Amino acid sequence: MKRLNKTAISLVVSCMGFGASAVWSADTLQDVLKERGLSQQDLLAAAKTYVPTGKRDEFVAFSSGGQSGQVIVYAIPSMRILKYIGVFTPEPWQGYGFDESSKKVLAGGKIDGKDITWGDTHHPAISETNGEYDGQFLFINDKANPRLAVIDLRDFETKQIVVNPVFKSEHGGAFVTSNTEYVMEAAQYAAPLENKKFYPLEEFNEKYRGGVTYWKFDRKEGRLDPSKSFSLELPPYSQDLSDLGKGASEGWSFTNSFCSERYVGGIEKGRPPYEAGCSAKDTDYLHVINWKKAAELVAAGKAKKINGHDVLMMETAIKEGVLFLIPEPKSPHGVDVTPDGKNIIVAGKLDTHVSVYSFEKIQAAIKAGKFESKDPYGIPVIAMKDAVATQVSLGLGPLHTQYDSKPCIAYTSLYVDSQVAKWNYCEGKVLDKLSVHYNIGHLMTMEGDSTKPAGKYLVAMNKLAIDRFVPVGPLHPQNHQLIDISGDKMQLLYDMPLPLGEPHYVVAIDAKKLKPAVRYKVGTDSRTDKPHTGATKAGEERIVKKGNKVEVFGTLIRSHITPETIEVEVGDEVTINLTNLERAQDETHGFTVSTYNVHASIEPGKTVAVKFKADKEGVYPYYCTEFCSALHLEMQGYLLVKPKGWKPTKTAGLAAQNYTEADYKATLKKVADTQAIIDSVVAYITSVNYKDFPEVVAMVEDAFDQLGKTKDIKAKHEAASAKKDWENANLWAEQVWQYQVKTADLGLRAKTFLEQNGAKKVK
Ligand code: K7E
Ligand code: CUA
């Protein structure tokens, strides 16, 4: 490769405003290492994460967005952020909360009739088939306002939010059963199950309750079905994380707790705070639940209706043998079922040990009726020694455990030590420890919750980012650290600041399993997956006025909105339905009307409605908010809000430009020249094996679509020219040229793609 000489580069660089900083003039790897103070180890780490342009990542991670109420999508190993998905919080880019259909999704999360427009998202879960991630749906919970959301991974849009009918807060969700029959969530802070009933804290033991909810998932509809969902009443032990059985433990679920002391704090009453009272005892309880049998009992009518929702009461659950407890040390946090389902690993936050429970031993104890005691509610308690296979001391503050593709290998986060421990849970041996940045919470391996973890990488989700990044004020970003786990020793590769909310858990899936759509069927309401009532075909755009209701049926295509003028009277209720007629990939149009607080993101094929009351007389520009083509800025129109009873006083038409025959001729020449370019591009494309490239085939189709539109318009300019109406002849000829420009743009894009991807000549 020819090298530019250093002076030349420095010159360019300083002209570009980078200053003469040495890095930019370094031209060998050694120079860069020296100038930037990098070690060979750094270089190796960089090479393991760098994804050059044109290449894609191997895994896609879905991170909880914490208090942002969103989901953050990023890629591994590059750690590049791909998308934020609005879930519990309005998100303007996607029109989420600013168009009618998405407002309805958010309204599903209303509690007692009140809008709740934020959420505290903790645990995302990918839908599973036979215990493996299938890449179809993503679920995520809201801890603060006990809710659960469904995201469809065909379009990465939130489709549904449901409110837990009996809890006041929840934490141990979302977790899915092996075939996503149910999505599970567990309560956190105990409260009376009857929603609006008051009981004093003195009645905590009697009236306050925890529980777990199993939401029935209808995969065909892609929605949770509240009518077929149920909960199980549990003692007020502050249930925490959960996990579902798989393989050997299929049909069971496990939920731990951190305050089986049932302590009620209150410094104001002279009592020590919760933190003292909830951690006083050496053990809490792991709840072991036979959810399959519980579902059968509910189906057999053994549940009690609370707030119209089926709740299997503890008394029934105990009598029918679906609920058991096992002591677990000490104020534990994570409970994680091994890929084969044979073991359940519980990390005792305040204990240095992780406890490996054996499902086989648990079942043996249940079968033999071997219980050491009953809890105050009569739930049988299995002795720890009868349930635990082994305990391993890992370090201070073990929280969460994830699994490797290699058998028996687990990784546990150590919050207090700020380390990841790699260990063997079959042999009870610590294998390696890696210091990570301060105070790791969750960690996550690729497909780590499935029956077939993919190994390779681990992400440490650290709570604090002190000293790690350029400071951005007292509120720091979070720090997700990428770790290579392919070898015997873990290697830290990359620090990624996450600048939105405090993510708790993340799940990652093999990117190849995701099959997102490129476009919608024309006229689709993306939030319901059904045809939109406002869907409009090309040529059928119209404005319908009934009383004070104005409904616009419009379309969008490069580069105009139809209609381009909407006239209403002040006080009218305006609904603007817009259908994106594009079929081309990534040809999204946005839409907003000045000062009416509406916004829509309209991807190819989608129909969206925005609605508002035109309560202010005046002139309101509307426009496309996505830079969709060279003529994007011209993708505009006017909403005219006229005073009541307004009549035009001036009858003159819109100002003419007085184009002449010469102007028309000049435009025709431009059209002919552009056609020559198009023809040459077409000649190139058809001379190679373009049909072997689906992306190019799509571009070519779109290009001919654009060009096809010129036929009718050509007839228009010719008709106008025959009448010597040079004004219209010239303007319609200009419109022909606009379509040619779009055609040429696509053609050139296709040509570049073919050249870069090694297209071959065909005869
Ligand atoms: Cu932050 Cu899973 Cu909600 Cu642990 S949880 S760290
Ligand atoms: Cu459409 Cu900009």
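The shown structure was predicted, so the numbers you read here are calculated from the model rather than taken from an experiment.

Cut-offs used in this document
- Residues numbered from 1 in each chain as written.
- Chains lettered and ligands numbered in written order.
- Predicted model: local features only at pLDDT ≥ 70, side-chain atom pairs only at ≥ 80, totals over all residues.
- Heavy atoms only, no water.
- Near = heavy atom within 4 Å.
- Helix = DSSP H or I, 4+ residues; strand = E, 2+ residues; numbered from the N terminus.
- Nonpolar A, V, L, I, M, F, W, Y, C, P; charged D, E, K, R; others polar.
- Axes fitted to C-alpha atoms, helices over the stretch in contact; angles between N-to-C directions.
- Parallel < 35°, antiparallel > 145°, perpendicular 65-115°, else oblique.
- Left-handed = near helix turned anticlockwise from the far one by under 90°.
- Pairing = 2+ DSSP bridges.
- 1 Å grid on protein atoms, 1.4 Å probe; cavity = no way out; pocket = protein on both sides within 12 Å on 5 of 7 lines; lining within 4 Å.
- Points joined across faces, edges and corners; volume = space filled by probe spheres on them.
- Phe/Tyr/Trp six-rings, centres within 6.5 Å; stacked < 30°, edge-to-face > 60°.
- Buried < 20%, exposed > 50% of the residue type's maximum accessible area, 1.4 Å probe, protein only.
- Domains from an automatic or database assignment.
- Contact = heavy atoms within 4.5 Å.
- Buried area = accessible area lost by both parts, 1.4 Å probe.
- Salt bridge = Lys/Arg side-chain N within 4 Å of Asp/Glu carboxyl O.

Turning next to the site of ligand 1. Looking at ligand 1, the residues that line it are His122, His123, His171, Leu241, His333, His400, Gly441, His442, Lys463 and His504. When residues of the shell around ligand 1 are traced back to their parent elements, those giving at least two are β4 (121–129) and β28 (440–446). Residue composition of the shell around ligand 1, grouped by class: 1 nonpolar, 8 polar and 1 charged.

Once that is clear, we can look at the packing of helix α10 (residues 661–687) against helix α13 (residues 726–756). Across the interface, α10 lies against α13 with an axial gap of 9 Å and an inter-helix angle of 20°. Classified by the angle between their axes, α10 and α13 sit roughly parallel to one another. Judged by the sense of rotation from one axis to the other, the crossing of α10 with α13 is left-handed. The residue inventory of the contact of α10 with α13, partitioned by class, reads 16 nonpolar, 7 polar and 6 charged.

Spatially, β8-β9-β10-β11-β16-β15 is the arrangement adopted by the 6 strands of the open sheet, whose pairing is mixed. In this open sheet, the two edge strands, each paired with only one partner strand, are β8 (175–176) and β15 (304–306). Here 3 bridges tie β15 to strand β16 (residues 309–312), and the two strands are oriented antiparallel to one another. If you follow Lys305 over to β16, its bridge partner there is Asp310.

Turning next to empty space enclosed by the protein. Under the criterion given, the structure shown has 4 cavities of 30 Å³ or more. Approximately 140 Å³ is the volume found for the largest cavity. Together, 16 residues line the largest cavity, and Glu128, Phe175, Val176, Asp243 and Asp449 are the ones closest to its centre. Its residues assigned to classes, the lining of the largest cavity shows 9 nonpolar, 3 polar and 4 charged. By volume, the second largest cavity amounts to about 80 Å³. Residue lining of the second largest cavity: 13 residues in total, with Phe175, Leu241, Asp336, His400 and His442 positioned closest to the centre. Only β12 (239–244), β18 (335–337) and β24 (398–403) provide two or more residues apiece to the lining of the second largest cavity. Per-element tally for the lining of the second largest cavity: the top contributor is β24, with 3 residues. By residue class, the composition of the lining of the second largest cavity is 4 nonpolar, 7 polar and 2 charged.

Another aspect to go through is the packing of aromatic side chains. If you walk through the whole model with that rule in mind, you get 23 aromatic pairs. A ring pair is formed by Phe324 and Phe371, whose centres lie 5.8 Å apart and whose planes are at 15°; its orientation type is stacked. Of this pair, Phe324 sits in strand β17 (residues 323–329) while Phe371 sits in the loop between α9 (359–368) and β21 (373–374), and the two are 47 residues apart along the sequence. With relative accessibility at 4%, the residue Phe324 sits in the buried group.

Taken domain by domain, the protein holds domain 1 (59–513), domain 2 (524–642) and domain 3 (661–756). Here the C-alpha centroids of domain 2 and domain 3 sit 26 Å apart. Taken together, the contact between domain 2 and domain 3 spans 9 residues of the former and 11 residues of the latter. Here domain 2 meets domain 3 over a buried area of about 750 Å², counting both sides, of which 41% is carbon and sulfur. When the buried area of domain 2 at its contact with domain 3 is split by residue, Arg558, Arg583 and Leu631 rank highest and sum to 56% of it.

Once that is clear, we can look at the pattern of salt bridges. Taken as a whole, this structure holds 46 salt bridges when the rule is applied. Among the salt bridges present, the one from Lys463 reaches Glu502, with a minimum N-O distance of 2.6 Å. With Lys463 in the loop between β29 (455–462) and β30 (478–484) and Glu502 in the loop between β31 (491–498) and β32 (506–510), this pair connects stretches of sequence that are 39 residues apart. The partner of Glu587 in a salt bridge is Arg558, and the shortest N-O contact between them spans 3.7 Å. In this pair, Glu587 is assigned in the loop between β39 (573–580) and β40 (589–593) and Arg558 in the loop between β36 (549–557) and β37 (560–562), connecting sequence segments 29 residues apart.

On to the layout of surface pockets, then. In this structure, the second largest pocket encloses a volume near 1500 Å³. Lining the second largest pocket are 46 residues, and of these Glu564, Thr565, Gln636, Leu654 and Trp732 lie nearest its centre. Elements with a minimum of two residues in the lining of the second largest pocket: β36, β37, β38 (565–569), β43 (618–623), β44 (636–642), α12 (710–722) and α13. The residue makeup of the lining of the second largest pocket, split by class, is 19 nonpolar, 15 polar and 12 charged. Counting contributing residues, the lining of the second largest pocket receives three or more from each of domain 2 (524–642) and domain 3 (661–756).

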